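Structural characterization, general
Chain residues, written in single-letter form:
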Amino acid sequence: MPERFTSGRSGFTQLAEEAGLTVGKRTHRYNSTLAHEATEWAKDNGAEVPYRWAVYKAYFVDNTNIGSPDVLGEIANGLELATSDLLTALDEHRYRDRVQEQYDRARQVGVTAVPTFVADDRLALVGAHPYENFHKLMEQVGAKPH
């Protein structure tokens, strides 16, 4: 069952808007496990990035239930991907183990919320942050700017 919530303008919304990302009014939180599975399927089909952006739009802009196979199939269809194969993969939970491994790894490094950004194999930033914080994080772990 989707979780209903009410909220004002969040830190995430403010930072997203500052970054030029569209954010709509959300009234529910949805279980994203199937969306993660669908994204793994899209990755194996060479469409990970456009699929991720489409899921972002569905959830954060359109307030759509990304836990619904039908919604995930519509996203695949909109990207001209093999919708029936995606729906079969979701029904069979073909990518469930891969997603569970990702969840387990996240717990091992201390992820307690999303978004969480990990650098140098340790917990780094939790929540939405301005660009400067990412820059500082990368400096701390010795990353060279590109």
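Since the model is a prediction, treat every value here as computed from it, not as a measurement. (Residues numbered from 1 in each chain as written. Predicted model: local features only at pLDDT ≥ 70, side-chain atom pairs only at ≥ 80, totals over all residues. Heavy atoms only, no water.)

What the chain contains, in helices and strands, is 7 helices and 4 strands. Looking at the 146 residues of the chain, the share that counts as buried comes to 29%. Taking all contacts inside the chain whose residues are at least 6 apart in sequence as the whole, residues at least 24 apart take part in 54%. As displayed, the chain has an accessible area near 9,500 Å², and 51% of this comes from carbon and sulfur atoms. (Helix = DSSP H or I, 4+ residues; strand = E, 2+ residues; numbered from the N terminus. Buried < 20%, exposed > 50% of the residue type's maximum accessible area, 1.4 Å probe, protein only. Contact = heavy atoms within 4.5 Å. Areas by Shrake-Rupley, 256 points an atom, 1.4 Å probe, with all protein chains shown as cover.)

This next bit is on the nonpolar core. Grouped together as the largest cluster of nonpolar side chains are 21 residues, with contacts concentrated most on Trp 41, Tyr 51, Val 55, Leu 72, Ile 75 and Leu 86. Sorting the residues of this core by element identifies α2 (33-44), α3 (48-61), α4 (69-78) and α5 (83-92) as the ones contributing at least two each. The element contributing the most residues to this core is α2, with 5 residues. (Core = buried A, V, L, I, M, F, W, Y, C linked by side-chain atoms within 4.5 Å.)

Before going further, it helps to examine the side chain of Thr 33. Structurally, the position occupied by Thr 33 is in helix α2. According to the relative accessible area criterion, Thr 33 is buried, its value standing at 18%. When sequence neighbours within four positions are dropped, the list of residues in contact with Thr 33 reads Arg 96 and Tyr 103.

On to the packing of aromatic side chains. Each pair of aromatic rings is reported with the distance of its centres and the angle of its planes. Counted according to the given criterion, the structure contains 5 aromatic pairs. Ring plane angle 70 degrees and centroid distance 5.8 Å describe the contact between Trp 53 and Tyr 56, whose orientation is recorded as edge-to-face. Of this pair, Trp 53 and Tyr 56 both sit in helix α3, 3 residues apart, which is roughly one turn of the helix. We classify Tyr 56 as buried; its relative accessible area is 16%. On the basis of an interplanar angle of 80 degrees and a centroid distance of 4.8 Å, the ring pair of Tyr 59 and Phe 60 is categorised as edge-to-face. What links up through ring pairs into an aromatic cluster is the set Tyr 30, Trp 53, Tyr 56, Tyr 59 and Phe 60. (Phe/Tyr/Trp six-rings, centres within 6.5 Å; stacked < 30°, edge-to-face > 60°.)

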